[in-house]
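A structural walkthrough
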Amino acid sequence: MLYKLFKISNKTKILGLNSGNLTYISRMNPRARHLRLALHNNGEVILTRPRYVSEKYATAFLLSKGAWLEKQLAKIKNSKNFSLLSETKAEYSVNQAKARAVITERLSYLNAVYNFKYKSISIRNQKTRWGSCSRRGGLSFNYRLIFFSPQVIDYVIAHELCHLKEFNHSKKFWDLVARAIPDYKKIRRELKNQNLTI
Ligand SMILES: [Zn+2]
């Protein structure tokens, strides 16, 4: 199992699970006696730690609880109260900012493989697509990507980056994608079940 933490601010991070991403907030409470991990039905994971527990130890504890979090996430996704997908405007702008932070970071990481030039990055509430690349070099991404696994996010970013060089879906294009994402076929199948195109 692969869990990743993407930093949004000192206190807030995104925790990438296999079944989706969650907002992770780490808090120190001097009155807390033990580490306490809670998953709220707005998709926030809150870890409260006593003063004597280091941030590093708390992170290791969080990552060791991945399987438990997956189970809890499946439970709340099945309940009516799960608000990750029915968000307010305020939540949208928070999620858009998170998406921008994660996508910008992953884009520069993946582009180290290609070194392609692009004009701009925009994060949008796209109804029909996960991402797109314009002929003028503008990359757009769907903010909902942050609810998916880090593997899916990386694949969509690499896909759009490769369109800067190959404006088609030819064999040359897919060979280029495979340079950064060797198992892209598997991830592509996973994404195909989501009703949005790329
Ligand atoms: Zn494409």
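Look above for the structure.
About the thresholds
Residues numbered from 1 in each chain as written. Predicted model: local features only at pLDDT ≥ 70, side-chain atom pairs only at ≥ 80, totals over all residues. Heavy atoms only, no water. Donors = N, O, S within 2.8 Å, 3.2 Å for Na, K, Ca; no water. Helix = DSSP H or I, 4+ residues; strand = E, 2+ residues; numbered from the N terminus. Pairing = 2+ DSSP bridges. Axes fitted to C-alpha atoms, helices over the stretch in contact; angles between N-to-C directions. Contact = heavy atoms within 4.5 Å. Core = buried A, V, L, I, M, F, W, Y, C linked by side-chain atoms within 4.5 Å. Buried < 20%, exposed > 50% of the residue type's maximum accessible area, 1.4 Å probe, protein only. Patch = residues over 30% accessible without salt bridge, like charges linked within 9 Å, V, L, I, M, F, W, Y side chains within 5 Å. Areas by Shrake-Rupley, 256 points an atom, 1.4 Å probe, with all protein chains shown as cover. Salt bridge = Lys/Arg side-chain N within 4 Å of Asp/Glu carboxyl O. Lys, Arg positive; Asp, Glu negative; His and termini not counted. Charge placed at Lys NZ, Arg CZ, Asp CG, Glu CD. Arc of directions from axis to C-beta. Disulfide = S-S within 2.5 Å. Parallel < 35°, antiparallel > 145°, perpendicular 65-115°, else oblique. Left-handed = near helix turned anticlockwise from the far one by under 90°. Nonpolar A, V, L, I, M, F, W, Y, C, P; charged D, E, K, R; others polar. Phe/Tyr/Trp six-rings, centres within 6.5 Å; stacked < 30°, edge-to-face > 60°.

Before going further, it helps to spend a moment on the coordination of the zinc ion. Coordination of the zinc ion by the protein is provided by His159 (NE2), His163 (NE2) and His169 (NE2), with metal-donor distances spanning 2.0 to 2.1 Å. Read in sequence order, the donor residues coordinating the zinc ion give the pattern H-x3-H-x5-H.

The next thing to look at is unusual backbone geometry. The backbone phi angle of asparagine 115 is positive, close to 60°, even though this residue is not glycine. Locating asparagine 115 in the fold gives a position in the loop between α3 (89-114) and β6 (120-124).

The next thing to look at is the sheet that holds strand β7 (residues 131-133). Strand order in the open sheet made by the three strands is β6-β8-β7, with mixed pairing throughout. The two strands at the open ends of the sheet, each matched to only one other strand, are β6 and β7. Going from strand to strand, the sheet's axes swing by 15° on average, the running direction of each strand aside. By the bridge criterion, three bridges tie β7 to strand β8 (residues 138-142) in an arrangement that is antiparallel. When the bridges of β8 are listed, cysteine 133 appears paired with leucine 139.

Looking at the secondary structure, you find lysine 165 in the loop between α4 (150-163) and α5 (171-180). When near neighbours in sequence (up to four residues on either side) are disregarded, lysine 165 contacts Phe116 and Leu176.

Here we come to the nonpolar core. By size, the foremost hydrophobic cluster in this structure holds 37 residues, and its most contacted members are Tyr114, Phe141, Leu145, Tyr155, Val156, Ile157 and Ile181. Contributing elements (two or more residues each) for this core: α3, β6, β8, α4, α5 and α6 (184-192). Ignoring sequence-local partners within four residues, the contact set of leucine 145 consists of Asn21, Ile103, Trp130, Val152, Ile153 and Val156. Within the second largest apolar cluster, 13 residues are counted, among which are Leu17, Leu37, Val45 and Ile76.

As a further point, take a positive patch on the surface. Taken together, the side chains of Lys185, Lys186, Arg188, Arg189 and Lys192 make up a positively charged region of the molecular surface. As for its position among the elements, lysine 185 is in helix α6.

Let us now look at α5. Restricting attention to buried positions, one finds in α5 the residues Phe173, Trp174, Leu176, Val177 and Ala180. Mapping the buried residues of α5 onto a view down its axis gives an arc of 155°, with all of them on the same face. α5 presents Lys171, Lys172 and Arg179 as exposed residues on the side facing more than 90 degrees away from its buried surface.

Moving on: the state of the cysteines. Under the definition given, this model contains zero disulfides. Cysteine cysteine 133 is unpaired, with the sulfur of cysteine 162 as its nearest cysteine sulfur at 9.8 Å.

Orientation of α4 relative to α5, taken along the N-to-C sense of each, is 135°, at an axis distance of 9 Å. Taken together, the axis directions place α4 and α5 in an arrangement best described as oblique. In terms of crossing hand, the pair formed by α4 and α5 is right-handed. Facing Tyr155, Ala158, His159, Cys162 and His163 of α4, the residues of α5 in contact are Phe173, Trp174, Leu176, Val177 and Ala180. Taken together, the residues that form the contact of α4 with α5 break down as eight nonpolar, two polar and no charged.

Next up on the list: the packing of aromatic side chains. A ring pair, where both rings are aromatic, is described by two values, the distance of the centres and the angle of the planes. Applying the stated rule across the entire model yields five aromatic pairs. Measuring from ring centre to ring centre gives 5.1 Å for tyrosine 114 and phenylalanine 116, while their planes differ by 15°; the resulting arrangement is stacked. Note on accessibility: tyrosine 114 and phenylalanine 116 belong to one class, buried. Centroid distance tryptophan 130 to phenylalanine 148: 5.0 Å. Interplanar angle 75°. Geometry classified as edge-to-face.

The strand order across the open sheet formed by five strands is β1-β2-β3-β5-β4, and the pairing between neighbours is mixed. Since the sheet does not close on itself, it has two edges, and those belong to β1 (4-7) and β4 (36-39), each with one partner. Sheet twist, expressed as the mean angle between neighbouring strand axes with direction ignored, is 25°. Relative to strand β2 (residues 12-17), β1 is paired through four bridges, and the arrangement is antiparallel. Bridging across to β2, lysine 4 finds its partner in glycine 16. Sheet strands touched by helix α1 (residues 55-64): β1, β2, β3 (20-28), β4 and β5 (44-49). Its angle to β5, the strand with the most contacts, is close to 135°. Against the sheet, α4 engages β1, β2 and β3, with an angle of about 60° to β1.

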